[in-house]
Amino acid sequence: MASAGQMHPTGGAGLVESPSLHGSSDNLNSSAVNRMLMEFLIYFGRAILVLYPVYLTGYLGLSISWVLLCMMMATWWKKNRQWKDARIGTAIDFVDNEAVVVNKELENTLQMASWVHFPDVEKVDWLNKVLEQAWPFFGMYMEKLLKENIQQAVRLSSSALKMFTFTKIHFGHIPLRITGMKAYTHEVDHREVILDMDICYEGDVDIDAEVQPPITAGVKGLKLKGNMRVILEPLIGQAPLVGGVTFFFIRRPTLSINWTGMTNLLDSPAFSSLSEDTIMDIIASLMVLPNRMCVPLIDQVKVDQMRFPLPRGVVRVHLLEARDLLAKDTYMMGIVKGKSDPYAILRVGNRHFKSKTIKENLNPKWNEVYEFVVHEAPGQELEVELFDEDADNDDPLGTYNLDFGEVKKEVEMDQWFPLQGVQNGEVHLKLQWFSLKTDPSLLMESADGLACAMLAVYLDSASNLPKDHKEISGHQKHGKHSKEARLTKRNGGPNSYVEFSLDEDVQKSKAVFASKDPKWEEGFTFFVRNVRTQQLVVQVKEHEKKTQLGIMNLPLSRLLNCSDMTLDQRVPLERSGANSQIKLKATLRVLTIEKPQPKITVNPSPQDKQLKSQTNQQANAAVYNPSAAASSSPALSPNTVPTASDPTAQSLSPNWAPENHNGPDETTSNMRRYDSHSLLSENSMASSRFDVSEGASYPEAIRKHQGSFGEIQLTVRYATLRNKLIVLVNSCRNLFRFSENGTDSYVRLYFLPDQSWIHRKRTHVKKRTVNPVFNHKFEFDVPLEEAKTRKLDVSVKNGKMFHTRDRKDIGMVMIDLSQLDLVKGITEWYELTLPGLKKYS
């Protein structure tokens, strides 16, 4: 009962509340009705207020123009009010979310920033004035270039253009204009200057050509736009201060031509071959990467080193699929929309591939793989264009451009990219960045037939080629009459070209006419699937008859046993003349994917906190690996180092190396670009960690020295845009004096824990001074978070003690990067110490 009595008030309370709820719902409905009536009355009042002036105007007999004038004023006031409200709202929103807006704008700016720095595009009006003054002389140079180079290239582009000849060349009075220029000087190699120029040319050219007599063609106007990169390197200490100039287009420029003559009336194979795409292909073969135009200004600069550096890497592109493409096929005069027949074109520079066509599908799946050689990253772009295949003109389905700098940074990318220029559509790509290595142990052949290595061939020249195939057979049959043949032979040589074939990949050089000693000076790249079995077939052929003038077979396995996997020499030709030779350089590089290194945490021991200077010295000795150094030292003995007198070493391009190591910079031939590669760096023998291994002794002069061994000034900072740690070795002072004339010193640097031979960095030697100035910059490709967990091992060494067992160290310093503000940067003097010196004193 008690429980029932306790329950009753609760139930009563519930019964009391229910009428109040019903009453409140009735009141709510009535208020809603009243609000609706009030809104209706307000609307009715507004209608009367608007219509009454119209009625009043008619009642008073006024013109309708008064009504229109009032309506215009009301509309203007309303629009003006909305614009003011929007402006005030935007300002208030910016004040409330200032940090978010600023960060968003900075992110957009960083995405549009250049690959090196925050460069400002400068207006170079002074340079345009120089071009205007020099334009007539530029026309003279272009006339010579067109007749000597372009004319021959046009003839070779199609059999229908064999008789193509320029009859009139005049570049008009409107000069080329440079609309903007970016100069990179701070974060590039200190011996070069890089310029990016936005070129715009809309000239009044007047060029006439004879295609096939009597058919003529002409150009009365030309528009060319593109971005040209100009490299001034190396900077030298004598006139003209620049050793050479290299210029090229990173991407294909846009070209528009105003044709004249019979090309507008006739449609023949010759005119179809002489199209804007053909001319653009000719320009690409000369000035679009990997092709470069080089002008050496001093004799010490080798053109092949400037024109054909080793590529930065290889990008493998998996064209997987696309989705939500536009439907371009229509039926019944556009009433019924069908689907599309999509295919894709992938282009990098002057190299492009076309995928298969998927019929009637808006979500096609290709699953195709393409490989591209990358020469500038960042800089070069992958251009993806999708089209709908039709019987007449293919309809565009969208494009997308991706800078290879992003792929190099991420190493692997697998994502959907939105197509540009269309309302909808996406393409699914998987991209992989492969670095070029010289270690044969990294060679791993792919089971699916993809490339495992890259072969770069530089074709230089040939000598003593036979005039034709008859001369070869005549020499073989009548070898005894060689003297008579020499007396009666004509001076004219063959029209020859070289054909390279690696299985199904066939590439041809340009043709050189009437020369027994032709010079081609061209570079070629091939993808290698099986190094053990594949071989490069080199054939020298006649241009017209396609007959063979000589042949050479190069097994790729032979390159594995060569120094740096590079063969650079003259090779005799088989099935050719008695003394016929061909000079070329073949370089093999292994394709490897470098996984991002895991973050390394350095936990200081209690001894580090108590005796920092002692642990710095112990760290120098602790990281040394005498066994590893000893095992590698025989392979890297001084006898195997390429010297300046070695012709093979001189001919090797310093940019043809797999990694970014800064080696010795002692000769003008050893030039390199920012993020360039050096073959000489891995074999440099100036220093090693073996000479400071446990048990080695210091010279007696150092052991008896009392006082400081000197100081070194270093600048350490982190370039956030490029994700690189930059270490600048500025100078040293008050070094230990080894002789009356001073000390021959250089600086060796390790970025711990990387302590192998290939990771060692060193400066050039400064002779006979105790206050050397180096100004040498080293760069390390490492994320900021990881850089803060690592250390720099810097050592100043004596450069003359190569033939003794004594240590070469003058002093050392260990820098803990976790204690520095790397983003802001720091420049300090550090005192040099010697680890373990007390053991011998």
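Residues numbered from 1 in each chain as written. Predicted model: local features only at pLDDT ≥ 70, side-chain atom pairs only at ≥ 80, totals over all residues. Heavy atoms only, no water.

Bringing the sheet that holds strand β34 (residues 826-831) into the picture now. If you trace the four strands from one edge of the open sheet to the other, you get β31-β28-β27-β34, paired in antiparallel fashion. Each of the sheet's edge strands pairs with one partner strand only, and the pair in question is β31 (773-781) and β34. Adjacent strand axes in the sheet meet at a mean angle of 20°, parallel and antiparallel pairs treated alike. Where strand β28 (residues 724-733) lies against β31, seven bridges are found, and the strand directions are antiparallel. Bridge pairing in β31 links I726 to E779. (Pairing = 2+ DSSP bridges. Helix = DSSP H or I, 4+ residues; strand = E, 2+ residues; numbered from the N terminus. Axes fitted to C-alpha atoms, helices over the stretch in contact; angles between N-to-C directions.)

Pairing in this open sheet of four strands is antiparallel, and the strands run β30-β29-β32-β33 from one edge to the other. Sheet topology places β30 (761-762) and β33 (809-816) at the edges, where each strand pairs with a single neighbour. Taken together, the seven bridges between strand β32 (residues 791-798) and β33 define a ladder with antiparallel strand orientation. From the neighbouring strand, K791 faces β33, where its bridge partner is D816.

A few words now on the pattern of salt bridges. In this structure the tally under the stated criterion is 21 salt bridges. Across the pair D460 and K583 runs a salt bridge whose closest N-O atoms are separated by 3.8 Å. Pair noted here: D460 is in strand β19 (residues 453-463) and K583 is in strand β26 (residues 581-592), with a separation of 123 residues, a long-range link. With a relative accessible area of 15%, D460 lands in the buried category. Members of the salt-bridge network, linked through shared partners, are D196, R229, R292, R312 and E376. (Salt bridge = Lys/Arg side-chain N within 4 Å of Asp/Glu carboxyl O. Buried < 20%, exposed > 50% of the residue type's maximum accessible area, 1.4 Å probe, protein only.)

Per the counting criterion, the structure on display carries 15 aromatic pairs. Between W135 and Y201 the ring centres are 5.5 Å apart and the planes differ by 45°, which places this aromatic pair in the tilted class. Of this pair, W135 sits in helix α4 (residues 125-157) while Y201 sits in strand β3 (residues 193-203); the two residues are 66 residues apart in sequence, bridging distant segments of the chain. There is no split in this pair, since W135 and Y201 are both buried. Linked through ring pairs, W135, F138, F171 and Y201 together constitute an aromatic cluster. For K354, the ring lying beneath its charged end belongs to Y343, and the centroid distance is 4.4 Å. (Phe/Tyr/Trp six-rings, centres within 6.5 Å; stacked < 30°, edge-to-face > 60°. Lys NZ or Arg CZ within 6 Å of the ring centre and 35° of its normal.)

Within the largest apolar cluster, 39 residues are counted, with the highest numbers of intra-cluster contacts made by L146, F164, F166, F171, M197, Y201 and M228. Ranked by residues supplied to this core, first place goes to α4 with seven residues. Listed in part, the 35 residues of the second largest apolar core include L443, F524, A586 and V590. (Core = buried A, V, L, I, M, F, W, Y, C linked by side-chain atoms within 4.5 Å.)

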